[in-house]
Amino acid sequence: MTNEHAFVYGGHAFRLVLAPDPRGTCNVAVDWMAQPDQPTRLPQDADPYATAEEALRHGQQQAMRWVHDRTGDGQGRF
């Protein structure tokens, strides 16, 4: 699995960056790509995940919540 993944939701582009650590867990960082050369990092909001797949899913959900929070649907319907 590669460390960077593109994700588009609600017309917003994101980059999800997986960061495995030596303990075998994985973190994810989510960048909002409003401008490709100036990404905005969303706040880290969780502890490491057991697998890269789990971290990636969480990153996608975090991006979706971020979009919903800024488009008037704070309930985050997925």
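For the structure given in this document, a descriptive report is provided here.

Criteria and cut-off values
Residues numbered from 1 in each chain as written. Predicted model: local features only at pLDDT ≥ 70, side-chain atom pairs only at ≥ 80, totals over all residues. Heavy atoms only, no water. Pairing = 2+ DSSP bridges. Helix = DSSP H or I, 4+ residues; strand = E, 2+ residues; numbered from the N terminus. Contact = heavy atoms within 4.5 Å. Axes fitted to C-alpha atoms, helices over the stretch in contact; angles between N-to-C directions. Buried < 20%, exposed > 50% of the residue type's maximum accessible area, 1.4 Å probe, protein only. Core = buried A, V, L, I, M, F, W, Y, C linked by side-chain atoms within 4.5 Å. 1 Å grid on protein atoms, 1.4 Å probe; cavity = no way out; pocket = protein on both sides within 12 Å on 5 of 7 lines; lining within 4 Å. Points joined across faces, edges and corners; volume = space filled by probe spheres on them. Nonpolar A, V, L, I, M, F, W, Y, C, P; charged D, E, K, R; others polar.

## Some words on the sheet that holds strand β2 (residues 12-20)
Pairing is antiparallel across the open sheet formed by four strands, whose spatial order is β1-β2-β3-β4. Each end of this open sheet is capped by a strand with a single partner; those strands are β1 (4-9) and β4 (40-41). By the bridge criterion, six bridges tie β1 to β2 in an arrangement that is antiparallel. Within β2, the residue paired with Y9 across the bridge is H12. Contacting β1, β2 and β3 (26-32), helix α1 (residues 52-70) runs over the sheet at an angle of about 150° to β2.

## Describing the environment of M33
For M33, the position within the fold is in the loop between β3 and β4. With 20 residues separating them along the chain, M33 and E53 place their C-alpha atoms 22 Å apart.

## Some remarks on the side chain of Q62
Along the chain, Q62 falls in helix α1. Relative accessible area serves as the criterion here: at 8%, Q62 is assigned to the buried category. Not counting the four nearest positions on each side in its chain, Q62 is found in contact with V30, L42, P43 and D45.

## Description of the nonpolar core
Core analysis: the largest hydrophobic core is formed by 15 residues, its most contacted members being F7, F14, L16, L18, V30 and A55. Contributing elements (two or more residues each) for this core: β2, β3 and α1. If near-sequence neighbours (up to four positions away) are discounted, V30 is found in contact with F14, R15, L16, T40, R41, L42, G59, Q62 and A63.

## Some words on the pairing of β2
Connecting β1 to the next strand, β2, in antiparallel fashion are two residues, including G10 with a positive phi near 60°. The pairing of β2 with β3 spans seven bridges and is classified as antiparallel. The residue bridging P20 from the neighbouring strand is C26, located in β3. With antiparallel pairing between neighbouring strands as the criterion, β2 and β3 make up a hairpin whose turn holds five residues, including G24 at a positive phi of roughly 95°.

## Observations regarding empty space enclosed by the protein
The full count for this structure, using the stated rule, is one cavity of 30 Å³ or more. Estimates place the volume of the largest cavity at around 60 Å³. Lining the largest cavity we find 15 residues, and of these V28, Q44, D45, H58 and Q62 sit closest to its centre. Per-element tally for the lining of the largest cavity: the top contributor is β3, with five residues. Here the residues of the lining of the largest cavity are counted per class, giving eight nonpolar, four polar and three charged.

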